[in-house]
Amino acid sequence: PSEEPSEPDLDPLDGFVPVFRAIACSDTHVSSTGDVTATRLANLFKSAYKYASAHEAYNTVDAMLVAGDLTNAGKPSELKAWKSIADANIKEETTLMTVMGNHEHYKGGIAAYTENMDPNLDKHIVVNGYHFIGISTRADDSYPTEVQNWLREELEKAAADDPEKPIFVFMHHHENTVYVSRTWKTSFSSQIKNILKKYPQVIHFSGHSHGPINNPLTIWQDNFTTVGTGTLAYFEMESGMTEGTVPKDADQAAQFHIIEVDANNRVRILPYNLLTDSFFKTPA
C-alpha cells in the first residue's frame, strides 16, 4: 500500500535562522535636519539596529537600500542633510546604497546627487555574497535603453555567480505590479518587467507611490517578486478612494522593511511601523 501523505509544514520558515539582514525603504523626503522626516530617518536606523542587536543568532544589519526620493526637491542642502543623518546613525557594518528618484531631479538633478550623495547613478554591489543592483531614474520616470542594457548585463553576472541566491534589485518607480502602481508607475514598466522576468530569484524593491506596506497588495509575485517600500513622509492610495488619493492623516506614515536570508536562501521580509516602533501583526 502507498504511504499516507505527510502532514503539510504549516510554517514554511520553521527553523529560520538569518545569516544576512538588510533594510529597504524609500521616499524619505528629507528637506532639512530639523523636519519630521529627518527624525523618522534617524529612528529608522535606531529601530533596525535595536531589532538586530536583540537577535540571538545574528545581530548585524549588513545593508541598507533606499529606493529614491531621499529628499523633497533634490537640492544640495537637502542631500547634505540626508547624508549627515545617515553618517550620524549608520554603523560601519552596514553598506548604504541609494538611487535617485524623481524628486532628486526637481532642483538639484544628477550633478547635485553625484556630488553630494553618491558618484554612481547605478550600482552593482556584493555584500557578504549577496548581489544588490540599483538603477537611478534619469529624468522624472526615465530608464532609457542604456540603463536597461546595463541592468540586463548585471543581472546575468549576478545569476552566474550563484543561481540559487536571491538577487536584490531596487529602483524608484514601480512597474505595473504592487498596490498603487496602476496610478504611479514608470512609463518603462513593460521593458523593466521583461528584463526581470527571466530571473525568478529577483526580489525587486521600488517606491514612488507612497502606498502603505501593510496592504497585502504591496507584494506581487509572478516570474519574480516585487515589493513596495512605503514612505516616511505621507501616504497615497489608488485613485477612486472615497477620500481621494491622499487620505486623512496621511502624514502619519513611517514604514520600512527588514529583509533576512537564511543559509538555505529562504527570504523573509518583515514590514515595520516606525510610529509604533513595532512590526505589523498578522492575524492568527
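Residues numbered from 1 in each chain as written. Predicted model: local features only at pLDDT ≥ 70, side-chain atom pairs only at ≥ 80, totals over all residues. Heavy atoms only, no water.

K.L.:
So what's going on with the environment of Ala88? Residues and values would help.
P.N.:
Within the secondary structure, Ala88 sits in helix α2 (residues 76-89). Taking the relative accessible area as the measure of exposure, Ala88 reaches 64% and is therefore exposed. Sequence-wise, Ala88 and Ala42 are 46 residues apart; in three dimensions their C-alpha atoms are separated by 8.3 Å. (Helix = DSSP H or I, 4+ residues; strand = E, 2+ residues; numbered from the N terminus. Buried < 20%, exposed > 50% of the residue type's maximum accessible area, 1.4 Å probe, protein only.)

K.L.:
Give a detailed account of the packing of α2 against helix α3 (residues 109-116), specifying residues and quantitative values.
P.N.:
At their nearest, the axes of α2 and α3 sit 9 Å apart, and the two run at 30 degrees to each other. Relative to α3, the element α2 lies roughly parallel. Crossing hand, α2 versus α3: right-handed. Between α2, through Pro76, Leu79, Lys80 and Lys83, and α3, the contact on the second element is made entirely by Ala112, Tyr113 and Asn116. Its residues assigned to classes, the contact of α2 with α3 comprises 4 nonpolar, 1 polar and 2 charged. (Axes fitted to C-alpha atoms, helices over the stretch in contact; angles between N-to-C directions. Parallel < 35°, antiparallel > 145°, perpendicular 65-115°, else oblique. Left-handed = near helix turned anticlockwise from the far one by under 90°. Contact = heavy atoms within 4.5 Å. Nonpolar A, V, L, I, M, F, W, Y, C, P; charged D, E, K, R; others polar.)

K.L.:
Residue-level account of α2, with values.
P.N.:
Taking 1.5 Å of rise per residue, the 14 residues of α2 would be expected to cover 20 Å, and the 20 Å separating its terminal C-alpha atoms lies within 8% of that figure. In this structure, the buried residues of α2 make contact with α1 (36-53), β2 (63-66), β3 (95-98) and α3. (Expected span 1.5 Å × (residues − 1).)

K.L.:
Can you tell me about the pattern of salt bridges, naming the residues and giving the values?
P.N.:
By the definition in use, this model includes 8 salt bridges. Put simply, Lys123 and Asp118 hold a salt bridge, and the shortest N to O gap is 2.8 Å. There is no split in this pair, since Lys123 and Asp118 are both buried. Asp262 is paired through a salt bridge with Arg266; the nearest N and O atoms lie 2.8 Å apart. (Salt bridge = Lys/Arg side-chain N within 4 Å of Asp/Glu carboxyl O.)

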